[in-house]
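Residues per chain are reported as follows:
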Amino acid sequence: MSTTVGRLTGKSALVTGAGSGIGAATAELFAREGAKVVVADIDLSSARMTAERIRDDGGVAEPFAADVSDEMSVANLVEFAADSHGGLDILQNYASNRSVVTQDVDVADASPSVWLKQLAVDLMGCMLTSKYAVPHMLRAGGGSITNSSSVVAWLSLESRPAYATSKAGVIGLSKSLATEYGKQGIRCNVIAPGHIVTPATEKQFSEIQTQVMLDHVSAPRLGRPDDVALAALFLASPDSTFINGQVLVVDGGLSAYAPMIPSFRRLTQGE
Ligand SMILES: NC(=O)c1ccc[n+]([C@@H]2O[C@H](COP(=O)([O-])OP(=O)(O)OC[C@H]3O[C@@H](n4cnc5c(N)ncnc54)[C@H](O)[C@@H]3O)[C@@H](O)[C@H]2O)c1
């Protein structure tokens, strides 16, 4: 990880899904850059572990248990964040419902309740946290929101349609927020990761599938949580003050090439 220069000194940040993977890496990086962070997750023990790592590193962090799909829980979370650190400047949404992965099947066999569970966390969670964070940001004269989408919003994996739909919805929501509140100093952008190695993807993808992902990345390695956290830092920092309503793809070139290229490569390599 690069050395810190205090890009977020004095800022109050709330990170959801911060008990694991990308959210945890983002909370830790933001704290190293001087932000006071509320580490939110539905799983309190994992949120506590992230907050502990931040404090051990000399940073400021409070863990908080919250379910981003529950409006009251989100209202309490945002109030806690604003009370703890004198307002709220930065909102980072990484919470994702992985419990429905195996039930998110072809549309012809889909269960509406599975879809609602996926959308409730991955999409509505971003809306609810924004709903309660925006008034604090308006009072402060501005703020920055980053929501996590995915390249699957526009590159189908031939599975997980509810997840793909939730991530496409995040882009629409974020562009609406950017437009509604941009004049008042609130920016809202999207991070769209490709394949990032996190506890969730290690569980979801087999070794062979992970190798296939590596074959399709135009980079020497797969993505790491810190790759996304560094992009999130840019979007939350004053370095990106004039960037609003945009999607920053962090995928090692996965979505950069035409789909027939791997077949061409196999042909030229005589496979
Ligand atoms: N890892 C990847 O390859 C990848 C790729 C594209 C997009 N993303 C997106 O990036 C984000 C982070 O991904 P990750 O791999 O670090 O995920 P992860 O599963 O490791 O972390 C998600 C966290 O969200 C928490 N969570 C689940 N439901 C919640 C709820 N209702 N309220 C609050 N917290 C809840 C979980 O406890 C977990 O700690 C997600 O939105 C994911 O969809 C990840």
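Up top is the structure these notes are about.
A brief look at the structure comes next. Note that this is a predicted model, so its numbers are computed, not measured.

**Quick look at the site of the ligand**
- In the vicinity of the ligand there are 26 residues, among which Ser-20, Asp-41, Tyr-163, Ile-196 and Thr-198 approach most closely.
- With respect to the ligand, the backbone of Ile-42 contributes an N or O atom lying 3.3 Å from a nitrogen atom.
- Side-chain polar atom of Asp-67 to a nitrogen atom of the ligand: 2.8 Å apart, as the coordinates give it.
- Contributions of two or more residues to the shell around the ligand are made by helix H1 (21–32), helix H6 (161–181) and helix H7 (199–204).
- Residue composition of the shell around the ligand, by class: eleven nonpolar, eleven polar and four charged.

**Thoughts on the packing of aromatic side chains**
- Scanning the entire structure with this criterion turns up one aromatic pair.
- We note Arg-160 situated over the ring of Tyr-163; from NZ or CZ to the ring centre the distance is 4.1 Å.

**Some thoughts on the sheet that holds strand E7 (residues 247–250)**
- An order of E3-E2-E1-E4-E5-E6-E7 is seen for the seven strands of this open sheet, with the pairing classed as parallel. Edge positions in the open sheet fall to strand E3 (60–65) and E7, since each of these has one partner strand only. On average, each strand axis in the sheet is tilted by 15° relative to the strand beside it, whichever way the strands run.
- Taken together, the four bridges between strand E6 (residues 186–193) and E7 define a ladder with parallel strand orientation. Bridge pairing in E7 links Ala-192 to Val-249.

**Concerning the nonpolar core**
- In this structure, Ala-27, Phe-30, Val-37, Val-39 and Ile-191 are the most contacted members of the largest nonpolar core, which totals 29 residues.
- Broken down by secondary-structure element, the contributors of at least two residues to this core are strand E1 (12–16), H1, strand E2 (36–41), helix H2 (44–56) and helix H9 (225–236).
- Among the elements that line this core, the one with the most residues is H9, at seven residues.
- Contact partners of Val-37, with chain neighbours within four places excluded, come to Ala-13, Val-15, Ala-27, Phe-30, Ala-31, Val-60, Ala-61, Glu-62 and His-85.
- Counting residues in each nonpolar core, the second largest holds 28 residues, with Val-38, Ala-40, Leu-91 and Val-134 among its members.

The rules behind each value
- Residues numbered from 1 in each chain as written.
- Predicted model: local features only at pLDDT ≥ 70, side-chain atom pairs only at ≥ 80, totals over all residues.
- Heavy atoms only, no water.
- Near = heavy atom within 4 Å.
- Polar contact = N/O pair within 3.5 Å; in protein donor to acceptor, adjacent residues only side chain to side chain.
- Helix = DSSP H or I, 4+ residues; strand = E, 2+ residues; numbered from the N terminus.
- Nonpolar A, V, L, I, M, F, W, Y, C, P; charged D, E, K, R; others polar.
- Phe/Tyr/Trp six-rings, centres within 6.5 Å; stacked < 30°, edge-to-face > 60°.
- Lys NZ or Arg CZ within 6 Å of the ring centre and 35° of its normal.
- Pairing = 2+ DSSP bridges.
- Axes fitted to C-alpha atoms, helices over the stretch in contact; angles between N-to-C directions.
- Core = buried A, V, L, I, M, F, W, Y, C linked by side-chain atoms within 4.5 Å.
- Buried < 20%, exposed > 50% of the residue type's maximum accessible area, 1.4 Å probe, protein only.
- Contact = heavy atoms within 4.5 Å.

Note that every value here comes from positions in space, so none of it alone points to a role or purpose.
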